[in-house]
Amino acid sequence: MAIPDSELILNKDGSIYHLNLLPDHISDTIITVGDPDRVPSVSQHFDSIETVIQKREFVTHVGYYRGKRLTVISTGMGTDNIDILLNELDALVNIDFVTREARPLEERINLRIIRVGTSGALQADIPVGSHLVTEHAVGLDSLMQFYPLVETGLEVEVAREIQQSLQLDYRPYCVRGSDLLREQLGAGMIPGNTLTCPGFYGPQGRVLRLDLRLPTLIQQFQQFRHQSAEGEFRLTNFEMETAGYYALGRMLGHEVVSLNAIVANRASGEFATNSEAVINDLIAKTLDRV
Ligand code: R1P
Ligand code: URA
């Protein structure tokens, strides 16, 4: 059945509503960054750039890196933007824009999506300046209140226990990312479980002028442990997008991995004096491995 104009919104030139891209504009492997200014930090390494497109915070460069076609897109901050990013990227490859129908299962394209972002460590043993690859992501945001995400037994248990320890009125969600991409891209990085927060201050336990509803929030995050046959689960770092990527990636059938440049440590109170170098090193490492 054709998807109505109000649901699959195309611009006058046929491009998708927010990303402003046509199906030919993207490659199978997509690197994403939060900050629009970080897009040229990736594409400066390309042999050549064939496309530069911007709408709002979504800046896209498509080019070739060592002969491989790559796309880099900025997303802005938060899982609400990741909802737009993943749905529109999927539409670009898996919906026919002429008939407005989803492609049959046997024609579906699986994208490889690699988030390269900054993050704050929760635990003292994860130093500022390190690189961390996310195994499980826990979403404290509300995005999965609206989708039928299927979680494994372990994921549900972890999410329920986090709900209890934070005294939340809703259950967070928990999703393990692509094992394949984690192995390919995360070699030598610290494996971790990332907490995706719906904000940078209160939801990450930062106090400037506003007190927190739960004053021990940071300690609850730091001390959380879940024991299972797979070993001990602890939360390692904070950011604002990964759980949205992992959940939508699972539901849409795309391989997704989140690579984190650790720029702050909440146990020691440090912020990296060389945060640009930490993220640029992660960009170079990622490009080397794609
Ligand atoms: C907050 O400063 C931003 O930094 C992190 C968080 O997820 C949030 O988007 O990621 P990026 O560096 O990719 O934007
Ligand atoms: N990004 C976040 O969301 N939190 C941090 O502490 C650092 C980067």
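As the structure is a prediction and not an experimental result, all values here were calculated from the model. Residue numbering note: each chain is counted from 1, following its sequence as written. A letter from A marks each chain and a number from 1 marks each ligand, given out in the order of writing. The predicted origin of the model limits local features to residues at a pLDDT of at least 70 and limits the giving and counting of side-chain atom pairs to 80 or more, whereas totals for whole chains, interfaces and linings rest on all residues. As a convention, hydrogens and water are excluded, and side-chain values are obtained from all of the structure's heavy atoms.

### Focus on the side chain of Asp141
Then, number 1: Strands are runs of DSSP state E lasting at least two residues, helices are runs of H or I lasting at least four, and both sets are numbered from the N terminus onward. Within the secondary structure, Asp141 is located in the loop between strand E8 (131–139) and helix H3 (153–166).
Then, number 2: Despite its burial, Asp141 remains without a salt bridge, the nearest opposite charge being carried by Arg171 at 11 Å.
Then, number 3: Side-chain atoms alone can form a polar contact between residues adjacent in sequence; in general such a contact is a pair of N or O atoms within 3.5 Å, and within protein one must be able to donate a hydrogen while the other accepts it. A polar contact of 2.8 Å, which involves the side chain of Asp141, links it to the side chain of Thr79.
Then, number 4: In this structure the side chain of Asp141 is engaged in a polar contact, spanning 3.2 Å, whose partner is the backbone nitrogen of Leu143.
Then, number 5: In this analysis, two residues are considered to be in contact whenever any of their non-hydrogen atoms come within 4.5 Å of each other. Discounting chain neighbours no more than four positions away, the residues touching Asp141 are Thr79, Tyr170, Tyr173, Thr196 and Pro198. For every residue, the accessible area (1.4 Å probe, protein chains only) is compared with the maximum for its type, and the residue is labelled buried under 20%, exposed over 50%, or partly exposed between those bounds. His is not counted, nor are the chain ends, whereas Lys and Arg count as positive and Asp and Glu as negative. For this document, the term salt bridge refers to a Lys or Arg side-chain nitrogen within 4 Å of an Asp or Glu carboxyl oxygen.

### Regarding the environment of Ser142
Then, number 1: Residue placement: Ser142 occurs in the loop between E8 and H3.
Then, number 2: Classification of Ser142 as partly exposed rests on a relative accessible area of 45%.
Then, number 3: Distance in space between the C-alpha atoms of Ser142 and Thr118 is 21 Å, their sequence separation being 24 residues.

### Thoughts on the site of ligand 2
Then, number 1: Only heavy atoms are used to decide nearness, and a residue is near a molecule or strand if one of them lies within 4 Å of it. In the vicinity of ligand 2, the residues found are Thr118, Ser119, Gly120, Phe200, Gln204, Arg206, Glu239, Met240 and Val263.
Then, number 2: Surface exposure here means Shrake-Rupley accessible area, sampled with a 1.4 Å probe, where a residue is shielded only by the protein chains that are shown. For ligand 2, whose accessible area on its own is 230 Å², the fraction buried by protein is 92%.
Then, number 3: The biggest single contributor to the shell around ligand 2 is strand E7 (residues 112–121), with three residues.
Then, number 4: Throughout this entry, Asp, Glu, Lys and Arg are counted as charged residues, while Ala, Val, Leu, Ile, Met, Phe, Trp, Tyr, Cys and Pro are counted as nonpolar. The remaining residues, Gly among them, count as polar. Its residues placed into classes, the shell around ligand 2 shows three nonpolar, four polar and two charged.

### Quick notes on the packing of aromatic side chains
Then, number 1: What counts as a ring pair is set by centres within 6.5 Å for rings of Phe, Tyr and Trp (its six-membered ring), and what kind of pair is set by the plane angle: stacked under 30 degrees, edge-to-face over 60, tilted for all other angles. Applying the stated criterion across every chain yields a total of three aromatic pairs.
Then, number 2: Taking the centre distance of 6.3 Å and the plane angle of 85 degrees together, the rings of Phe224 and Phe233 count as edge-to-face. The same class applies to Phe224 as to Phe233, namely buried.

### Describing the UniProt feature "domain: Nucleoside phosphorylase" (unreviewed entry) in the protein chain
Then, number 1: UniProt positions are given in the numbering used here, feature names are shortened, and annotations may be inferred rather than shown by experiment. Taken from the UniProt record, the annotation "domain: Nucleoside phosphorylase" (unreviewed entry) applies to residues 30–268.
Then, number 2: Between the C-alpha atoms that bound residues 30–268 the distance is 34 Å, and the span itself is 25% helix and 35% strand.

### Some remarks on the site of ligand 1
Then, number 1: Inspection of the region around ligand 1 gives Gly34, Arg38, Met77, Arg115, Gly117, Thr118, Phe200, Glu239, Met240 and Glu241 as its neighbouring residues.
Then, number 2: The backbone of Gly34 places a nitrogen or oxygen atom 3.3 Å from an oxygen atom of ligand 1.
Then, number 3: One of the side-chain nitrogen or oxygen atoms of Arg115 is found 3.1 Å away from an oxygen atom of ligand 1.
Then, number 4: Expressed as a share of its isolated accessible area of 340 Å², the protein-covered part of ligand 1 is 85%.
Then, number 5: A per-element tally of the shell around ligand 1 places E7 first, with three residues.
Then, number 6: Its residues placed into classes, the shell around ligand 1 shows three nonpolar, three polar and four charged.

### Observations concerning a nonpolar patch on the surface
Then, number 1: To count toward a patch, a residue needs a relative accessible area over 30% and no salt bridge; like charges are then connected within 9 Å, while nonpolar side chains (Val, Leu, Ile, Met, Phe, Trp, Tyr) are connected within 5 Å. Together, Phe200, Tyr201 and Leu208 make up a nonpolar patch on the protein surface, roughly 340 Å² of accessible area in all.
Then, number 2: Mapped onto the elements, Tyr201 comes out in the loop between strand E10 (190–196) and helix H5 (217–223).
Then, number 3: The exposure class assigned to Tyr201 is partly exposed, which follows from its relative accessible area of 43%.

### Describing the pattern of salt bridges
Think of it this way: side chains of opposite charge can pair up when their charged atoms draw near.
Then, number 1: One pass over the structure, following the stated rule, counts 13 salt bridges.
Then, number 2: A salt bridge links Arg176 to Glu135; the nearest nitrogen and oxygen atoms lie 3.5 Å apart. Residue Arg176 is located in strand E9 (residues 173–176), and its partner Glu135 is located in strand E8; the two are separated by 41 residues in the primary sequence.
Then, number 3: The class for Arg176 is partly exposed, based on a relative accessible area of 26%.
Then, number 4: Overlapping salt bridges bring together Glu135, Arg176, Asp179 and Arg182 as one network.

### Section: the side chain of Glu241
Then, number 1: Its location among the elements puts Glu241 in the loop between strand E13 (237–239) and helix H6 (242–252).
Then, number 2: Within the structure, Glu241 has its side chain in polar contact with the backbone nitrogen of Gly78 (distance 2.8 Å).
Then, number 3: Excluding residues within four positions of it along the chain, Glu241 makes contact with Gly76, Met77, Gly78, Thr79, Ile82, Arg115 and Thr196.

### Some remarks on the environment of Asp141
Then, number 1: Taking the relative accessible area as the measure of exposure, Asp141 reaches 4% and is therefore buried.
Then, number 2: Sequence separation between Asp141 and Gly244 is 103 residues, and the spatial gap between their C-alpha atoms is 8.4 Å.

### Here's the deal with helix H7 (residues 275–289)
Then, number 1: Each helix should span, by expectation, one fewer than its residue count multiplied by 1.5 Å. Across its 15 residues, H7 extends 22 Å between first and last C-alpha, which sits within 8% of the 21 Å expected from 1.5 Å per residue.
Then, number 2: For H7, every residue scored as buried is listed here: Ser275, Val278, Ile279, Leu282, Ile283, Thr286 and Leu287. All buried residues of H7 lie within an arc of 165 degrees about the axis, which places them on one face of the element. The directions from the helix axis to the C-beta atoms form the arc being described.

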